[in-house]
Amino acid sequence: AQSVAQPEDQVNVAEGNPLTVKCTYSVSGNPYLFWYVQYPNRGLQFLLKYITGDNLVKGSYGFEAEFNKSQTSFHLKKPSALVSDSALYFCAVREAGANNLFFGTGTRLTVIP
Amino acid sequence: EAQVTQNPRYLITVTGKKLTVTCSQNMNHEYMSWYRQDPGLGLRQIYYSMNVEVTDKGDVPEGYKVSRKEKRNFPLILESPSPNQTSLYFCASSKLTGGGPYEQYFGPGTRLTVT
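Calculation criteria
- Counting of residues starts from 1 at the beginning of each chain's written sequence and follows it residue by residue.
- Lettering for chains starts from A, numbering for ligands starts from 1, and both go in the order in which the items are written.
- Confidence filtering applies because this is a predicted model: local features only for residues at pLDDT of at least 70, side-chain atom pairs given and counted only at 80 or more, and all residues used for totals across whole chains, interfaces and linings.
- Excluded from the side-chain calculation are hydrogens and water; included are all heavy atoms of the structure.
- For our purposes a nonpolar core is just a set of buried Ala, Val, Leu, Ile, Met, Phe, Trp, Tyr and Cys residues, chained together by side-chain atoms within 4.5 Å.
- A simple rule labels every residue: compare its accessible area, found with a 1.4 Å probe on the protein chains alone, to the largest value its type can have, and call it buried under 20%, exposed over 50%, or partly exposed in between.
- Here a strand is any run of E in DSSP of at least two residues, a helix any run of H or I of at least four, and the numbering for each starts at the N terminus.
- Here a Phe, Tyr or Trp ring, Trp counted by its six-membered ring, pairs with any other such ring whose centre lies within 6.5 Å, and the pair is stacked when the planes are under 30 degrees apart, edge-to-face when over 60, and tilted otherwise.
- In this scheme, the term charge over a ring applies when either NZ of a lysine or CZ of an arginine sits within 6 Å of the ring centre and within 35 degrees of the ring normal.
- By definition here, a salt bridge exists when the distance from a side-chain nitrogen of Lys or Arg to a carboxyl oxygen of Asp or Glu is within 4 Å.
- Only heavy atoms matter for contacts: two residues are in contact if any of them lie within 4.5 Å across the pair.
- Accessible-area loss on putting two parts together, using a 1.4 Å probe and summing over both, is the definition of buried area adopted here.
- Side-chain classes follow a simple rule in which Ala, Val, Leu, Ile, Met, Phe, Trp, Tyr, Cys and Pro form the nonpolar group, Asp, Glu, Lys and Arg form the charged group, and the remainder, Gly included, forms the polar group.
- Any residue with an atom within 4 Å of a point lines the site, the site being either a cavity, points on a 1 Å grid over the protein atoms alone where a 1.4 Å probe fits but cannot get out, or a pocket, an open set with protein on both sides within 12 Å along at least 5 of 7 lines.
- Grid points are joined across faces, edges and corners, and a volume is the space filled by probe spheres set on the points.

**Student:** Let's hear about the nonpolar core: which residues, and what values?
**Tutor:** Residue and element names in this part refer to chain A. In terms of nonpolar packing, the biggest core is built from 28 residues, with Trp35, Leu47, Leu48, Phe74, Leu76 and Tyr89 touching the most fellow members. For this core, the elements supplying multiple residues, two or more each, are strand E2 (10-14), strand E3 (19-21), strand E5 (31-38), strand E6 (44-50), strand E8 (64-68), strand E9 (73-78), strand E10 (87-95) and strand E12 (107-112). Per element, the largest residue contribution to this core is four residues, and it comes from E10.

Here is the structure:
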């Protein structure tokens, strides 16, 4: 069965510090992995995806994520956090060959000025 | 402007009264999907559609129906809503690449309350 775990409900980080939002996944076959961000009272916005190739993928707003097959992880990172990065972040997985997606429970990121 | 629209944005209804939430996209996407978002549970997929007249169950399809008669529209139907369907609902669309959906575009959400 496919699943995604986001072990932290809340992450707090000081402005200018690096941030990491964690995600681990479980699929039978090859994973396609995604990060989305949700700002208050808005729909989700796509940030980045891993399909194949380089394990480090870069996305919107300076975010990047590293795919680690041995640890089944896809952590979201940013070198220097901004207050405007404060939002709810979702990790999602789709198994190659399948058409349904599974999302994590979300991590609320708060960047403290 | 490329977008996914949902209507209504807010809806309060009573148990058992049939309702439909509409979803429309203007990007000519093949793939459309419905999700519900609940605190502590994240987003869960209700139904998805790969193209016109092709729909399939997601993770939590019970109590919901969908139809895909036109490529741009994907309405969500609750024939007999119950209080446990109180939730925030999102419609999303994606083009199909290599046979599967990748990045999805989400609508603004519909907050449904069933009393």
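**Student:** Describe the packing of aromatic side chains, and please don't skip the residues or the numbers.
**Tutor:** Applying the stated criterion across every chain, the model contains 14 aromatic pairs over all chains. For the pair Tyr36 of chain A and Phe46 of chain A, a centre-to-centre distance of 5.8 Å together with 70° between the ring planes defines the contact as edge-to-face. Here the residue Tyr36 of chain A occupies a position in strand E5, and Phe46 of chain A occupies one in strand E6, the gap between them amounting to 10 residues. A residue is classified by how much of its surface remains accessible, and Phe46 of chain A, at 23% relative accessible area, is partly exposed. Stacked on the ring of Phe63 of chain A, the Lys or Arg Lys78 of chain A has its end atom at 5.0 Å from the ring centre. The side chain of Arg94 of chain A reaches across the aromatic face of Tyr102 of chain B, ending 5.0 Å from its centre.

**Student:** Give a detailed account of the pattern of salt bridges, specifying residues and quantitative values.
**Tutor:** Within the structure shown, the criterion is met by eight salt bridges over all chains. One salt bridge connects Lys58 of chain A with Glu64 of chain A, and the closest N-O pair in it is separated by 2.9 Å. Overall, Glu64 of chain A belongs to the buried group, its relative accessible area being 18%. The partner of Asp85 of chain A in a salt bridge is Lys78 of chain A, with the nearest N and O atoms 2.8 Å apart. Assessed through its relative accessible area of 7%, Lys78 of chain A is described here as buried. Within this structure, Lys18, Lys65 and Glu79 of chain B form a network of salt bridges that share partners.

**Student:** Please provide a residue-by-residue account of the interface of chain A and chain B, values included.
**Tutor:** At the junction of the two partners, chain A supplies 21 residues and chain B supplies 22 residues. Between chain A and chain B lies a buried interface of about 1700 Å² when both sides are counted; carbon and sulfur atoms form 56% of it. Across the chain A-chain B interface, the total number found is one salt bridge. Of the charged contacts in the structure, one is a salt bridge between Glu103 of chain B and Lys49 of chain A, with a shortest N-O distance of 3.2 Å. Mapped onto the side of chain A that touches chain B, the elements with two or more residues apiece are E5, E6, E10 and strand E11 (102-103) of chain A. The greatest single-element share of the side of chain A that touches chain B, amounting to four residues, is contributed by E5 of chain A. Here the side of chain A that touches chain B is composed, by residue class, of 11 nonpolar, seven polar and three charged.

**Student:** Kindly report on the layout of surface pockets, identifying the contributing residues and their values.
**Tutor:** By volume, the largest pocket is sized at about 530 Å³. In this structure, the largest pocket is lined by 26 residues; those nearest its centre are Gln38 and Leu88 of chain A together with Gln37, Leu88 and Arg111 of chain B. Secondary structure elements with two or more residues in the lining of the largest pocket: E10 of chain A together with strand E4 (31-38), strand E9 (87-94) and strand E13 (110-114) of chain B. In terms of residue class, the lining of the largest pocket is made up of 10 nonpolar, 10 polar and six charged. In this structure, the second largest pocket occupies an estimated 400 Å³ of space. Lining the second largest pocket are 16 residues; nearest its centre among them are Arg42, Leu44 and Gln45 of chain A together with Tyr105 and Phe106 of chain B. Breaking the lining of the second largest pocket down by element, the ones donating at least two residues are E6 of chain A together with strand E12 (105-106) of chain B. Among the elements that take part in the lining of the second largest pocket, E6 of chain A stands out by supplying three residues, more than any other. Looking at side-chain class alone, the lining of the second largest pocket contains eight nonpolar, five polar and three charged residues.

Keep in mind that these numbers describe shape and distance, not what the molecule does.
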